[in-house]
Amino acid sequence: LPSKKFDELVCALPRRHANLLLQLRTGHIPLQAHLARISKAPSPLCPTCQEEPETVAHYLLRCPTYWLHRAVHFVTFGFTGRNLAVLLNSDDAMGPLFKYVNATGRLRRVFGEM
């Protein structure tokens, strides 16, 4: 079951935002690494950069295709705040996180406009 802290984090979020956050935290999200693991994609490689498997960490923190989006949306966190623990567990990160996902358009087909 979700923790009390997670419940507090998502209680004010719309359902699709909470759903996206849960999928990002568990890794069960339609990114190539997960899709390849469940035999729904031929390769786990990132479709935009082809450099490494497209995991949540790659999508949010390392993919060179989205460096500008990260610079714009995660600038308030500074260098030390750009990690998964901050992005997926902080109240302050929810707005920039959803704006980043929306700006990249990578998950728009599944989640729509954020």
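You'll find the structure just up there.
A brief structural summary. Computed from a predicted model, the values in this text were never measured in an experiment. (Residues numbered from 1 in each chain as written. Predicted model: local features only at pLDDT ≥ 70, side-chain atom pairs only at ≥ 80, totals over all residues. Heavy atoms only, no water.)

## Focus: the pattern of salt bridges
Phase 1 of the analysis: On inspection of all chains with the given rule, the structure shows three salt bridges.
Phase 2 of the analysis: Here R106 and E54 are joined by a salt bridge, their closest N and O atoms 2.8 Å apart. Here E54 lies in the loop between helix 3 (32-37) and helix 4 (56-62) and R106 lies in the loop between helix 7 (91-104) and helix 8 (108-111), a separation of 52 residues in the sequence.
Phase 3 of the analysis: A salt bridge links E113 to R108, with the nearest nitrogen and oxygen atoms 3.1 Å apart.
Phase 4 of the analysis: On the accessibility criterion, E113 (46% relative accessible area) is partly exposed. (Salt bridge = Lys/Arg side-chain N within 4 Å of Asp/Glu carboxyl O. Helix = DSSP H or I, 4+ residues; strand = E, 2+ residues; numbered from the N terminus. Buried < 20%, exposed > 50% of the residue type's maximum accessible area, 1.4 Å probe, protein only.)

## With respect to the packing of aromatic side chains
Phase 1 of the analysis: With the rule as written, the count across this model stands at five aromatic pairs.
Phase 2 of the analysis: Taking 5.4 Å as the distance between ring centres and 55° as the angle between the ring planes, the aromatic pair formed by Y59 and Y100 counts as tilted. With Y59 in helix 4 and Y100 in helix 7, this residue pair connects regions lying 41 residues apart in the sequence. Judged on exposure class, the residue Y59 and its partner Y100 are both buried.
Phase 3 of the analysis: Geometrically, the ring pair formed by Y66 and Y100 is edge-to-face, given 6.5 Å between the ring centres and 80° between the ring planes. In this pair, Y66 is assigned in the loop between helix 4 and helix 5 (67-73) and Y100 in helix 7, connecting sequence segments 34 residues apart.
Phase 4 of the analysis: Relative accessible area serves as the criterion here: at 6%, Y66 is assigned to the buried category.
Phase 5 of the analysis: An aromatic cluster is defined as three or more aromatic residues linked by ring pairs; in this entry it consists of Y59, Y66, F74, F77 and Y100. (Phe/Tyr/Trp six-rings, centres within 6.5 Å; stacked < 30°, edge-to-face > 60°.)

## What to know about a nonpolar patch on the surface
Phase 1 of the analysis: The grouping of W67, L68 and V72 at the surface amounts to a nonpolar patch, some 350 Å² of accessible area in total.
Phase 2 of the analysis: Mapped onto the fold, L68 is located in helix 5. (Patch = residues over 30% accessible without salt bridge, like charges linked within 9 Å, V, L, I, M, F, W, Y side chains within 5 Å. Areas by Shrake-Rupley, 256 points an atom, 1.4 Å probe, with all protein chains shown as cover.)

## Focus: the nonpolar core
Phase 1 of the analysis: In this structure, L20, L21, I29, Y59, L60, L97 and L107 are the most contacted members of the largest nonpolar core, which totals 28 residues.
Phase 2 of the analysis: Within the residue set of this core, elements represented by two or more residues are helix 1 (4-10), helix 2 (15-26), helix 4, helix 6 (84-89) and helix 7.
Phase 3 of the analysis: Among all residues touching L60, those that are not within four sequence positions of it are R70, F74, L84, L87, L88, L97 and Y100. (Core = buried A, V, L, I, M, F, W, Y, C linked by side-chain atoms within 4.5 Å. Contact = heavy atoms within 4.5 Å.)

## Describing the environment of L35
Phase 1 of the analysis: Tracing the sequence through the fold places L35 in helix 3.
Phase 2 of the analysis: Each C-alpha atom of the pair L35 and F6 lies 25 Å from the other, and the pair is 29 residues apart in sequence.

## Some remarks on unusual backbone geometry
Phase 1 of the analysis: Notably, S39 is not glycine yet its phi reads approximately 60°, a positive angle.
Phase 2 of the analysis: Mapping S39 onto the fold places it in the loop between helix 3 and helix 4.
Phase 3 of the analysis: Owing to a relative accessible area of 65%, S39 belongs among the exposed residues under this scheme.
Phase 4 of the analysis: A positive phi angle, near 60°, is found at Q50, a position not held by glycine.
Phase 5 of the analysis: Among the structural elements, Q50 can be located in the loop between helix 3 and helix 4.
Phase 6 of the analysis: Residue Q50 is classed as partly exposed on the basis of its relative accessible area of 48%.

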